[in-house]
Amino acid sequence: MPEDLMRYDQLAQNALRGVVRDALRKVERSGFPGEHHFFIQFNTRYPGVSIGERLSTKYPDEMTVVLQHQYWDLAVEPDLFSVMLKFGGAPKVLTVPYSAVVRFYDPSVQFLLQFDEPEIVEAEIAPLSPPARDPEAVAPPPSGDDGPKVVSLDQFRKK
């Protein structure tokens, strides 16, 4: 079989993520019609996801949020959405790139989109908090091996 250099699988995934964006945009403009509501599951370690340190600790890999009655400040942008939800009574703004979404479900009409698990390169993962910097610290001497490093992600994938 010939190699798919067009990567139609990725093109299809991106197009379906556009359905998620457009559905959220409708809700942003005029609220949920009828009984519609969304369950959105996303990868919490994906670059650009912002859920705060407490939620990152509680949900180190994936998190599902429900948008139905109690949500505020839904903002839909071309590459991500943000929304304020309450956790334990405390409001928290979540920011989620569409490429981090792994599942979108509207149970009112049994509509489900299941996405491939997004690939994350370890170097792209932002730390939960910036490391403390010692102004007296000196950078280590170059090792002479400045080439790219390959990291296997198999240990992080669900079996």
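Everything below is about the structure shown above.
All figures in this text were calculated on a predicted structure; none of them were measured in a lab.

A. Spatial organisation of the packing of aromatic side chains. Overall, the coordinates contain six aromatic pairs when judged by the stated rule. Considering the side-chain rings of Phe104 and Phe111, the 6.5 Å spacing of their centres and the 75° angle between planes classify their relative orientation as edge-to-face. Owing to a relative accessible area of 2%, Phe104 belongs among the buried residues under this scheme. By the ring-pair criterion, three or more aromatic residues cluster together here, those being Phe32, Phe38, Tyr71, Phe104 and Phe111. For the cation-ring pair, Arg17 lies above Phe115, with the distance from its terminal atom to the ring centre recorded as 4.4 Å. Against the face of Tyr105 rests Arg103, its NZ or CZ located 5.8 Å from the ring centre.

B. Spotlight on helix α1 (residues 8-30). Its 23 residues place the ends of α1 33 Å apart at the C-alpha level, agreeing with the 33 Å of an ideal helix rising 1.5 Å per residue. Listing the buried residues of α1 in full gives Gln13, Arg17, Gly18, Val20, Ala23, Leu24 and Val27. Summarising the contacts, the buried residues of α1 are in contact with β1 (38-43), β2 (62-67), β3 (72-76), β4 (80-87), β6 (101-106) and β7 (111-114). Within two residues after α1, Gly31 carries a phi angle of roughly 80°, on the positive side.

C. Quick look at the nonpolar core. Within the largest apolar cluster, 30 residues are counted, with the highest numbers of intra-cluster contacts made by Leu24, Phe38, Ile40, Leu67 and Phe81. Mapped onto this core, the elements with two or more residues apiece are α1, β1, β2, β3, β4, β5 (90-97) and β6. The residues contacting Leu24, other than those within four sequence positions of it, are Phe38, Ile40, Leu67, Leu74, Val76, Phe81 and Tyr98.

D. Region of the structure containing the side chain of Arg17. Along the chain, Arg17 turns up in helix α1. With residues up to four places along the chain from it excluded, the contact list for Arg17 reads Tyr98, Ser99, Val101, Phe115 and Asp116.

E. Looking closely at the side chain of Gln41. By the element assignment, Gln41 lies in strand β1. A polar side-chain atom of Gln41 sits 2.4 Å from a polar atom in the side chain of Glu62. With residues up to four places along the chain from it excluded, the contact list for Gln41 reads Glu62, Met63, Thr64, Ala100, Val101, Val102 and Arg103.

F. Structural view of a nonpolar patch on the surface. On the surface, Leu16, Val19, Val109 and Phe111 cluster together to form a nonpolar patch covering roughly 290 Å² of accessible area. Along the chain, Leu16 turns up in helix α1. For Leu16, a relative accessible area of 34% corresponds to the partly exposed category.

G. Up close: the sheet that holds β3. Read from one edge of the open sheet, three strands run β3-β4-β5, paired in antiparallel fashion. Each edge of the open sheet is held by one strand with a lone partner, namely β3 and β5. Each adjacent strand pair in this sheet contributes to an overall mean axis angle of 20°, direction not counted. Pairing between β3 and β4: three bridges, direction antiparallel. Each residue of the ladder has a partner; that of Ala75, found in β4, is Ser82. Against the sheet, α1 touches β3 and β4, its axis set at about 135° to β3.

H. Structural view of the environment of Phe81. For Phe81, the position within the fold is in strand β4. Residues Phe81 and Tyr98 lie 17 residues apart in sequence; the distance between their C-alpha atoms is 7.4 Å. If we skip the residues at most four places from it in the chain, Phe81 touches Leu24, Ile40, Leu74, Ala75, Val76, Leu94, Thr95, Val96, Tyr98 and Val101.

Thresholds, definitions, all that
Residues numbered from 1 in each chain as written. Predicted model: local features only at pLDDT ≥ 70, side-chain atom pairs only at ≥ 80, totals over all residues. Heavy atoms only, no water. Phe/Tyr/Trp six-rings, centres within 6.5 Å; stacked < 30°, edge-to-face > 60°. Buried < 20%, exposed > 50% of the residue type's maximum accessible area, 1.4 Å probe, protein only. Lys NZ or Arg CZ within 6 Å of the ring centre and 35° of its normal. Helix = DSSP H or I, 4+ residues; strand = E, 2+ residues; numbered from the N terminus. Expected span 1.5 Å × (residues − 1). Contact = heavy atoms within 4.5 Å. Core = buried A, V, L, I, M, F, W, Y, C linked by side-chain atoms within 4.5 Å. Polar contact = N/O pair within 3.5 Å; in protein donor to acceptor, adjacent residues only side chain to side chain. Patch = residues over 30% accessible without salt bridge, like charges linked within 9 Å, V, L, I, M, F, W, Y side chains within 5 Å. Areas by Shrake-Rupley, 256 points an atom, 1.4 Å probe, with all protein chains shown as cover. Salt bridge = Lys/Arg side-chain N within 4 Å of Asp/Glu carboxyl O. Pairing = 2+ DSSP bridges. Axes fitted to C-alpha atoms, helices over the stretch in contact; angles between N-to-C directions.

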